[in-house]
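Letter by letter, the chains look like this.
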Amino acid sequence: MDFLQRNLFTQLRADNFGTKEKMEPMTTFKRNRIAWMMKNVNDMPAGEVEMTNPLLNNRLKKIQTDERHAIDTNIETIYLLRIIVSNANGMIQSGVSIRGIIQLGNYLRTRGDKVDFVKLENWLHSLHLMRMAQLQGSILILFFNFQADEIPFVSRLERGGYKLTMRSLYFDKEDLKDVEFHQTSTGFVRASNGSMGKKLAQTMRFFEYAPIEAISNFLHNFAHSLSQIEE
């Protein structure tokens, strides 16, 4: 981690987790660079509390409905699941939302003692999001000084979280666009401006953490883009 990145996360920890850390002295130029990265952090889109795969999304809805009507209902566990799903959706679409990870960390520290982590892990397994949740927890450990025992659903550190998080500091909004198609003069349909390759690359970055959802998201985006051509 270079000087600017180190100072950025120092500030994020101080602002969001009350660590009392101070950034190292720096020039105005470097402060401006950090401000630019912080803007990227704030501009990264949040994810939706839904899954692209229809079967898994129906399963997610059923989990929430059943839990709300259960005798031993645990609303805190539902809410934590919703944060994890939202972060997963945003990651696959756009990349790591540091704000979403901070929300997860804050919830664990303020409401984590109310969460039924056995129930949560069962839900994550049924949604095929266990490694995605573990990735999110690993980012808290790697960048925000969380301890492993604060995040019961992390059984091992996902070191890929380091590179994925660093990438989010420099994201380009152009990379977030859907696949765009245009029709050639001969009638063939082609993807525009490398948008297919960018979207596929984004999908593959998170494939190992949530393969079903990552592929479903890519196919959904592909089908939606084609439907725009037909219109």
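This text follows the structure it describes.
These numbers were taken from a predicted model, which means no experiment stands behind them.

The rules we used
- Residues numbered from 1 in each chain as written.
- Predicted model: local features only at pLDDT ≥ 70, side-chain atom pairs only at ≥ 80, totals over all residues.
- Heavy atoms only, no water.
- Helix = DSSP H or I, 4+ residues; strand = E, 2+ residues; numbered from the N terminus.
- Buried < 20%, exposed > 50% of the residue type's maximum accessible area, 1.4 Å probe, protein only.
- Contact = heavy atoms within 4.5 Å.
- Areas by Shrake-Rupley, 256 points an atom, 1.4 Å probe, with all protein chains shown as cover.
- Core = buried A, V, L, I, M, F, W, Y, C linked by side-chain atoms within 4.5 Å.
- Salt bridge = Lys/Arg side-chain N within 4 Å of Asp/Glu carboxyl O.

## Some thoughts on the overall build of the chain
Scanning the chain from N- to C-terminus turns up ten helices and two strands. Tracing the chain from N to C terminus, the helices and strands come up as α-α-α-α-α-α-α-α-β-β-α-α. Here the chain holds 231 residues, and 45% of them are scored as buried. Within the chain, contacts between residues separated by at least 24 positions form 68% of all contacts whose residues are at least 6 apart in sequence. Element-wise, carbon and sulfur atoms account for 53% of the exposed surface of the chain, whose accessible area totals about 12200 Å².

## Observations regarding unusual backbone geometry
Located in the positive-phi region is K20, a residue other than glycine, with phi close to 65°. Within the fold, K20 resides in the loop between α1 (3-17) and α2 (28-43). On the accessibility criterion, K20 (74% relative accessible area) is exposed. Even without being a glycine, N145 presents a positive backbone phi close to 60°. Following the sequence through the fold, N145 ends up in the loop between α7 (130-144) and α8 (160-168).

## Quick look at the nonpolar core
Ranked by size, the top nonpolar core spans 55 residues in total, and within it L80, M132, F144 and F153 carry the most contacts. Where this core is concerned, the elements lending two or more residues are α1, α2, α3 (54-68), α4 (75-94), α5 (98-111), α6 (117-126), α7 and α8. Ranked by the residues each element gives to this core, the list is headed by α4, at nine residues. Sequence-distant contacts of L80, that is, excluding residues within four places in its chain, are made with L104, Y107, L108, V115, F117, L120 and F153.

## Here we look at the environment of R13
As for its placement among the helices and strands, R13 is situated in helix α1. It is 8.5 Å that separates the C-alpha atoms of R13 and N145, two residues lying 132 residues apart in sequence. Excluding residues that lie within four positions of it along the chain, R13 makes contacts with G18, T19, E21, F143, F144 and N145.

## Quick word on the pattern of salt bridges
This structure, assessed with the given rule, holds eleven salt bridges. A salt bridge links D43 to K39; its shortest N-O distance comes to 2.6 Å. Of this pair, D43 and K39 both sit in helix α2, four residues apart, roughly one helical turn. With a shortest N-O distance of 3.9 Å, D72 and K119 are connected by a salt bridge.

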